[in-house]
Amino acid sequence: MLKTIRLSIPAIAALLIAVALPAAADPLGARAFDGENWAEGLVDFRPSDASNTKVVKGDLSDSGLEITIPKGSFRGLGPFDRLPSGTDEVWYRYHIQLTDFDAKSSGKLPGLSGLYSQTARGCNPSKPDSPGWSARGLFGATGSNGAPDGQIPIGTYLYHLDQPGICGELLYWEDSSLRPGRWQCIEGYVKLNEPGTKDGVVKGWLDGVERFSRTGLAFRRANEGWVSIREMWLNVYYGGKEPTSNQLNLKIDEVAISNSGRVGCLDRATNLVASFDASPAAIASFQPETGQWQMNSSNGSGFSAMPVATYKSGDTWSDHLIGDFNGDGRDDIASYHPSDGTWWVVENSKPKFKTAKWATLNMSRDWGAHVSGDFTGDGLDEIASLDLSDGKWWVSRSISPVDRSPQLASLTWAQDSLPPPPSQISPASQLVIETEIWASASDSFDTSDWGSVKLKGGWSDQVVGDFDGDGRDDIGSYHPESGSWWVGRSDGESFIHEEWSAYEIKTGWSHQVVGDFNGDGKDDIANYHPARGGWWVSLSDGTRFKTQRWTTFGIDTGWTSQVV
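Note that the structure is predicted; figures quoted are calculated from it, not measured.

Asker: Would you take a moment to explain the sheet that holds strand β33 (residues 495–502) for this structure?
Answerer: Neighbouring strands of a sheet are bound in pairs by backbone hydrogen bonds; such pairs are parallel or else antiparallel. If you trace the four strands from one edge of the open sheet to the other, you get β30-β31-β32-β33, paired in antiparallel fashion. Each edge of the open sheet is held by one strand with a lone partner, namely β30 (462–465) and β33. On average, each strand axis in the sheet is inclined to that of its neighbour by 25°, with strand direction left out of account.

Have a look at this one:
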C-alpha cells in the first residue's frame, strides 16, 4: 500500500496532506489549509517568503503557489516541512511552470534534505561534528548545459560525503529542460546509505521519464544512523554569489511525497465526454497506471463500461482531446506524448476501436496548449497547437472522410515565412499533426498562414467555442497579467486575434467553461472565482464579451470541476 504525504497548494507549507494520486494512497496524515494561513507549520518561513508568494490558479487544482525572486535578490522561497523521524527513503513530486524566468545563472528548486545545523548548504559541507546532507532540485542558466534556446536545464544540487568541493555538486539531468509557459512534472527519489557504506541512491524524472540516476552515494557516516530524511525543502533560490539581475517568476502545484513508492505525475484529463456512437453521450476514462481507456456508454438510465484501448503503462500524457478526426460522425480520442512529441489516436472504427501513432511534432518548437475544434467549418475536427516561442498557432486537419479517397491536408496558422519541409508525414487517411501542417493528395503540400497572438507568453487557459456564431470554432485565450480575454476568430483560412474584454479581477479564476448560456447562437464563457464564491459570465455579442456576475455559491471552496 502506497503511503503518501500531500503538501497541498495553497497548503504547500503544512505537512502531510492526503492527495488523489495515480494509485490508491494510504496517507500518513492530513491537515486542511484554506484561507490566508497556508504557510502555518512551516519551519524558517520568513517575511520575505510571504511577500514573494501568492496563491494563484494551479495546474490541476484551483490553487497553486506563484513564487517571485525579486530583482537584486537571491531567495524566493526557502522554508521546510518536517518529515516523520527515522525516514530513510522518500519519493516526491511537484508540478512546475516557469512564467517569466530568464535565468542568467544557476539556482535551486524544491527537494529533500537532512539538516541539523548550517551544513549541507551555503558551501558548508557535512562535518563529523556537524553532519547533514541535501538533494535539492537544480536549475541552470537559460539555454545552458544542453538546453535549447529559451529553456531552463534542470538537475540535482547534491551535498554528500564524497562531493568534489565545498559547495554542492551540480548534476544536470540528461535531456531535461523546462519550457516557459508550460506545466511540467518533476519527480525525485532519495534513499540514504546504510551508515558507513556507499549504497545511497538519488533519482529524477521529468514528465514521467527517468532522466537521472546516481548510486553508490554516502550521506551519513558509520556513527550517524540517526541522520535521516528530515525535510521537504521548499526552496526556490537564485545563485550563489551574485543576486539575479532580473525578476524571476514560477508556479508550483501538486506537491506530494511518499515513503513506500513512486508518486507519479497527475494526468491532466482523465474523463472526457464524447459521442462515440452518434447516440447518447458517453464518458471516456483514462487510467494512467494501466494505460487503459474505458468507454462508459449511456443507455439513458445507466452506464455500461467496456475497455476500448490500452497505452503503454507508466507513460506520461500531457493532453487528451476529443474530436471527429476521420469524418465518420463518431468521436475519436487524440493523446499527446510530450517526451517524444508524438500524437496517438484512438479511432472509433466500429465495431472496434483501433489505436495508432498518427504523427510526430517537431520537438524544436516550444509547444504549449493543444485544443480541438472545427476551425475550418468543414465538419471535421482539427487540432490547434500553440508555439510559445513565437506565439504562432498551428492547425492540423485531416480531409480524408471515410467515403472518399484518402487525402491529407493541413494549415499552418502562422504569421511569418513558411517553415522548413516536414520531417515526417503520417500515412494516408490519418490526421497530420506536425510542426508544419500538410495538404497532400499527391506529392505537393498546401500550406497557408493563419496568424499569431500579439502576446507570446503569459497565457493561462485556452478554450474553444463559436464565439461569433458563424459556424466555425474560434479560440479564446485568457491573459491573467492583463486580465483580458483574447479571441482568435476563424474565417476558415486564418485566425483574427482581438481583445474582447478585460476583467477588474485579474487572477484567482479557476477553469473557465464554454457554452451558449443565453441561447442566442453564440458561445459564451463562464468563469468561477473560488475566493469570491461566484460565477461571472462573459456573454458574446459576436465582437466582444460583456462580463457580469451571475450567481454566488454558499460554499466558496472545495469544488473540483466545472462542466457544461
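There is more to say after this.
Asker: Sorry, what's going on with the pattern of salt bridges here?
Answerer: Opposite charge on two side chains allows them to pair when their charged atoms are near. Under the criterion given, the structure shown has 17 salt bridges. Across the pair Arg 489 and Asp 468 runs a salt bridge whose closest N-O atoms are separated by 3.8 Å. Remark: Asp 468 occurs in the loop between β30 and β31 (474–479) and Arg 489 occurs in strand β32 (residues 484–490); sequence separation between them is 21 residues. Assessed through its relative accessible area of 21%, Arg 489 is described here as partly exposed. The buried category is assigned to Asp 468, whose relative accessible area is 17%.

Asker: What exactly am I supposed to notice about the state of the cysteines here?
Answerer: Two cysteines form a disulfide when their sulfur atoms are joined by a covalent bond. By the definition in use, this model includes two disulfides. One disulfide in the model links Cys 123 with Cys 167; its S-S distance is 1.8 Å. Disulfide Cys 123-Cys 167: torsion about the S-S bond near 95°, hence right-handed. Of this pair, Cys 123 sits in the loop between β8 (107–114) and β9 (133–139) while Cys 167 sits in the loop between β10 (152–159) and β11 (169–178), and the two are 44 residues apart along the sequence. One disulfide in the model links Cys 185 with Cys 265; its S-S distance is 2.1 Å. The S-S bond linking Cys 185 to Cys 265 shows a torsion near -95°; that makes this disulfide left-handed. Of this pair, Cys 185 sits in strand β12 (residues 183–191) while Cys 265 is found in the loop between β17 (248–258) and β18 (271–274), placing the two residues 80 residues apart along the sequence. Per residue, the accessibility class of Cys 185 equals that of Cys 265, and both read buried. Disulfide connectivity for the protein chain, with bonded cysteines indexed by sequence position, reads 1-2, 3-4.

Asker: Could you clarify how one ought to interpret the side chain of Asp 381 in this entry?
Answerer: Take Asp 381: it is sitting in the loop between β26 (367–373) and β27 (382–387). On the basis of relative accessible area, Asp 381 is assigned to the buried category, the value being 17%. Polar contacts involving the side chain of Asp 381 include one to the main-chain amide nitrogen of Asp 324, which spans 2.9 Å. A distance of 3.3 Å separates the side chain of Asp 381 from the backbone nitrogen of Asp 374, its partner in a polar contact. If we ignore the near neighbours within four places in the chain, the residues touching Asp 381 are Gly 323, Asp 324, Phe 325, Gly 373 and Asp 374.

Asker: Sorry if this is basic, but what is going on with the pairing of strand β14 (residues 209–217) here?
Answerer: Both faces of the sheet carry side chains from a regular strand, because those side chains alternate between them. Pairing of strand β13 (residues 200–206) with β14 involves six bridges; the strand directions are antiparallel. Its bridge partner being in β14, Lys 203 is matched across the sheet by Ser 213. If you look at the hairpin formed by β13 and β14, you'll find two residues sitting between the two strands, and Asp 207 has a positive phi there, around 50°.

Asker: Before we go on, may I ask you to explain the packing of aromatic side chains in this structure?
Answerer: When we look at a pair of aromatic rings, we describe it by the centre distance and by the angle of the planes. Across all of its chains, the model carries 16 aromatic pairs by this definition. When the ring of Phe 74 is compared with that of Tyr 237, the centres are 6.0 Å apart and the planes differ by 15°; the resulting orientation is stacked. Here the residue Phe 74 occupies a position in the loop between β4 (64–69) and β5 (75–77), and Tyr 237 occupies one in strand β16 (residues 236–238), the gap between them amounting to 163 residues. Owing to a relative accessible area of 25%, Phe 74 belongs among the partly exposed residues under this scheme. Arranged with centres 4.7 Å apart and planes meeting at 35°, the rings of Trp 91 and Tyr 189 form a pair that is tilted.

Asker: Just to check I follow, could you spell out the environment of Gln 287 for this structure?
Answerer: Assignment of secondary structure puts Gln 287 in strand β19 (residues 282–287). Separated by 23 residues in sequence, Gln 287 and Thr 310 place their C-alpha atoms 9.3 Å apart.

Asker: Looking at this structure, how should I read the nonpolar core?
Answerer: Here is a general trend for soluble globular proteins: nonpolar side chains tend to be buried in one another's company. Among the nonpolar cores identified, the biggest contains 45 residues, and Ile 96, Leu 112, Trp 133, Ile 186 and Leu 250 are the most heavily contacted of them. Residues within four places of Ile 186 in sequence aside, it is in contact with Tyr 92, Arg 93, Tyr 94, Ile 96, Leu 109, Ile 154, Trp 173, Leu 178, Trp 205 and Leu 206.

Reading guide: rules and limits
- Residues numbered from 1 in each chain as written.
- Predicted model: local features only at pLDDT ≥ 70, side-chain atom pairs only at ≥ 80, totals over all residues.
- Heavy atoms only, no water.
- Pairing = 2+ DSSP bridges.
- Helix = DSSP H or I, 4+ residues; strand = E, 2+ residues; numbered from the N terminus.
- Axes fitted to C-alpha atoms, helices over the stretch in contact; angles between N-to-C directions.
- Salt bridge = Lys/Arg side-chain N within 4 Å of Asp/Glu carboxyl O.
- Buried < 20%, exposed > 50% of the residue type's maximum accessible area, 1.4 Å probe, protein only.
- Disulfide = S-S within 2.5 Å.
- Polar contact = N/O pair within 3.5 Å; in protein donor to acceptor, adjacent residues only side chain to side chain.
- Contact = heavy atoms within 4.5 Å.
- Phe/Tyr/Trp six-rings, centres within 6.5 Å; stacked < 30°, edge-to-face > 60°.
- Core = buried A, V, L, I, M, F, W, Y, C linked by side-chain atoms within 4.5 Å.

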